[in-house]
Amino acid sequence: MKMKADATPKSLNVLISGAGIAGPATAFWLSRLGHKCTIIERFPSIRENGLQIDVRKEGVEAMRRMGLLGEVKKYVVDEPGTEFVDAKGKRVALFPKIEEDKDGKQGFTSEYEIMRHDLVKVLVEASKENVTYRFDISVSEFDNKEDCVVVTFSDGSVETFDLLIGADGQGSRIRKMLLKSQGIEKDHTVNMGIYMAFFRTPRIPETEKMTTMYIGTRQRMLMTRVHSETEGQVYLGVKGHIDELDDALAKNVDTQKQVFGKLFKDAGWRAEELVDAMDKSTDFYASPTNMIRSDLWFKNRVVLVGDAGYSPTALTGMGTSVALIGATILAGEISKHGVDNLQAAFEAYENAFRPYVETVQDIPSIIVRGPYCEGSAKRRFVNLLLSTTTKLKLHKVFQTLILRANDPFRIPTYPELEKVSGVKA
Ligand SMILES: Cc1cc2nc3c(=O)[nH]c(=O)nc-3n(C[C@H](O)[C@H](O)[C@H](O)COP(=O)(O)OP(=O)(O)OC[C@H]3O[C@@H](n4cnc5c(N)ncnc54)[C@H](O)[C@@H]3O)c2cc1C
Ligand SMILES: *[C@@H]1O[C@H](CO)[C@@H](O)[C@H](O)[C@H]1NC(C)=O
């Protein structure tokens, strides 16, 4: 199986499904390594949706290795920290941003907060010269052979590729088809029971660029953020009501707004005003919190990257980082093992990365349960815990503990990647 020393490295014909974060990041590397890459996106254009996302830890390192950290810094949202308020809007606790330090300490506010579409844009711009982007198209089915994958597209055309990469997000069709082709009927999706709505609003003038979180009763959480002089964002999170929300999510945006409006309008704090803003919003987007724990990351010529294979959910603030790290390791292992040893490359990718993904997915229960209080007694307790933590100046320790910031995981070193990006690991 070893490549002859004098053989010129073959280039792979690669199809990537999904132009989010993981897709363009993987294409960035593979195209620089000389492979022919096509990205297909189900939507008619790059999606402008999405609010503020965090790039953390080795996700920052992945962007640095791509030589794109400077670009990312241009778009970073300057957020001084996260505060918690009570129903009257009075501050209960403040967690200021922890500046990047050599221990990699992290707070609720990450050192790289960026609007999702800005990060997508950075990755697309950096890859588009040598990557073909095709919109309004998806994979209908594939025949996954040992030495190639034959893809049928939604427009009926059929093409053969050396490799199909599923980077199509948490609802990945590629994952579902891959699992099914192996006789696995279950989808390996874990619904965490929290449903979130996201939208932008005009900024209230004079407000700080702070993340403000309010814990309501009946398992409701409201959060606002500010990312520019004129715009802000709203996040509504609710636990329970699963059937009602699943039903609404299968319907149109107006129905979804109605259900969220009904669930939130009496939640207290600024709820009424935010529900009004939601009705007016044009970018409303709602989603269950689904963790993806696919047993299978690859088979033959199909491999998963990012949320498609292992979404840790937005609750971790690590989805984007995990996608960026995964893209780097996958490309790195392909460069290391060579195009004639793809199975070994995929195995090495999974071996190097799965244990870390499992650590990230092991979400501390305080994150899942803390902000969702049924009654006011529990809410008083949570707010007291938060305020005591800040009063005793334990906010750094608290955030470090619950965000498990100090893990030793590092992206392996890949000399071939260093060569093509010109950035040393
Ligand atoms: C519209 C949108 C808004 C988001 N907003 C937030 C947010 O505000 N905060 C947050 O933390 N995370 C958000 N996320 C999730 C976040 O982007 C991911 O968790 C993370 O960045 C990992 O990226 P990914 O590329 O693996 O998946 P994603 O970013 O989900 O990208 C997947 C891409 O694949 C495309 N796609 C889906 N199905 C198909 C198909 N069958 N064929 C072809 N293409 C397909 C999607 O349209 C999307 O462009 C959002 C995702 C999307 C798609
Ligand atoms: C695209 O490919 C050409 C030819 O191989 C190369 O010269 C150029 O640097 C590549 N561009 C990018 C952005 O990688």
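It should be emphasised that the depicted structure is a prediction, and the values quoted were computed from it without experimental measurement.

Parameters and conventions
- Residues numbered from 1 in each chain as written.
- Chains lettered and ligands numbered in written order.
- Predicted model: local features only at pLDDT ≥ 70, side-chain atom pairs only at ≥ 80, totals over all residues.
- Heavy atoms only, no water.
- Patch = residues over 30% accessible without salt bridge, like charges linked within 9 Å, V, L, I, M, F, W, Y side chains within 5 Å.
- Areas by Shrake-Rupley, 256 points an atom, 1.4 Å probe, with all protein chains shown as cover.
- Salt bridge = Lys/Arg side-chain N within 4 Å of Asp/Glu carboxyl O.
- Lys, Arg positive; Asp, Glu negative; His and termini not counted.
- Charge placed at Lys NZ, Arg CZ, Asp CG, Glu CD.
- Helix = DSSP H or I, 4+ residues; strand = E, 2+ residues; numbered from the N terminus.
- Polar contact = N/O pair within 3.5 Å; in protein donor to acceptor, adjacent residues only side chain to side chain.
- Contact = heavy atoms within 4.5 Å.
- Near = heavy atom within 4 Å.
- Buried < 20%, exposed > 50% of the residue type's maximum accessible area, 1.4 Å probe, protein only.
- Axes fitted to C-alpha atoms, helices over the stretch in contact; angles between N-to-C directions.
- Parallel < 35°, antiparallel > 145°, perpendicular 65-115°, else oblique.
- Left-handed = near helix turned anticlockwise from the far one by under 90°.
- Nonpolar A, V, L, I, M, F, W, Y, C, P; charged D, E, K, R; others polar.

Peer 1: Would you take a moment to explain a negative patch on the surface for this structure?
Peer 2: Taken together, the side chains of Asp254, Glu272, Asp276 and Asp279 make up a negatively charged region of the molecular surface. Counting residues per element, the negative patch draws most heavily on helix H8 (residues 271-280), which supplies 3 residues. Counting through the fold element by element, Asp276 comes out in helix H8.

Peer 1: Sorry, what's going on with the side chain of Ser281 here?
Peer 2: Note on placement: Ser281 falls in the loop between H8 and strand E16 (285-292). In terms of polar contacts, Ser281 uses its side chain to reach the backbone carbonyl oxygen of Met278, at 2.8 Å. What Ser281 contacts, discounting residues up to four positions off in sequence, is Phe199, Arg200 and Lys257.

Peer 1: Help me out: how do you make sense of the site of ligand 2 in this one?
Peer 2: Lining the immediate surroundings of ligand 2 are Arg32, Glu129 and Asn130. Within the side chain of Asn130, a nitrogen or oxygen atom sits 2.5 Å from an oxygen atom of ligand 2. About the coverage of ligand 2: the protein hides 40% of its 370 Å² of free accessible area.

Peer 1: Would you mind showing me how to read a nonpolar patch on the surface here?
Peer 2: Together, Leu392, Leu394 and Val397 make up a nonpolar patch on the protein surface, roughly 270 Å² of accessible area in all. Here Val397 lies in helix H14 (residues 395-402). Take Val397: its relative accessible area is 47%, and that puts it in the partly exposed class.

Peer 1: Looking at this structure, I do not really get the packing of helix H10 (residues 319-337) against helix H11 (residues 342-361). What am I missing?
Peer 2: Angle between the axes and distance between the axes: these two values describe a pair of packed helices. Where H10 contacts H11, the axes come no closer than 8 Å and their chain directions differ by 155°. The orientation of H10 relative to H11 falls into the category roughly antiparallel. When the axes of H10 and H11 are compared, the crossing they make is right-handed. Where H10 abuts H11, its residues Val322, Ile325, Gly326, Ile329, Leu330, Glu333, Ile334 and His337 lie against Leu342, Ala344, Ala345, Phe346, Ala348, Tyr349, Ala352, Phe353, Tyr356, Val357 and Val360. Grouping the amino acids of the contact of H10 with H11 by side-chain chemistry returns 16 nonpolar, 2 polar and 1 charged.

Peer 1: I tried to follow the site of ligand 1 on my own but got confused; where do I start?
Peer 2: Close to ligand 1 lie 28 residues; Ala22, Glu41, Leu51, Arg116 and Asp307 are nearest. Taking Ile21, its main chain carries an N or O atom lying 2.8 Å from an oxygen atom of ligand 1. Residue Asp307 places a side-chain N or O atom 2.5 Å away from an oxygen atom belonging to ligand 1. Summarising the interface, the protein chains cover 91% of the accessible area of ligand 1, which totals 920 Å² for the free molecule. Broken down by secondary-structure element, the contributors of at least two residues to the shell around ligand 1 are strand E2 (36-41) and H10. Here the shell around ligand 1 takes 3 residues from H10, the largest share from any one element. Class assignment of the residues belonging to the shell around ligand 1 gives a composition of 11 nonpolar, 10 polar and 7 charged.

Peer 1: How do you make sense of the environment of Asp307 when you look at a structure like this?
Peer 2: Within the secondary structure, Asp307 sits in helix H9 (residues 307-310). When its relative accessible area of 28% is taken as the criterion, Asp307 is described as partly exposed. On a C-alpha basis, the gap between Asp307 and Arg91 in space is 35 Å, while along the polypeptide they are 216 residues apart.

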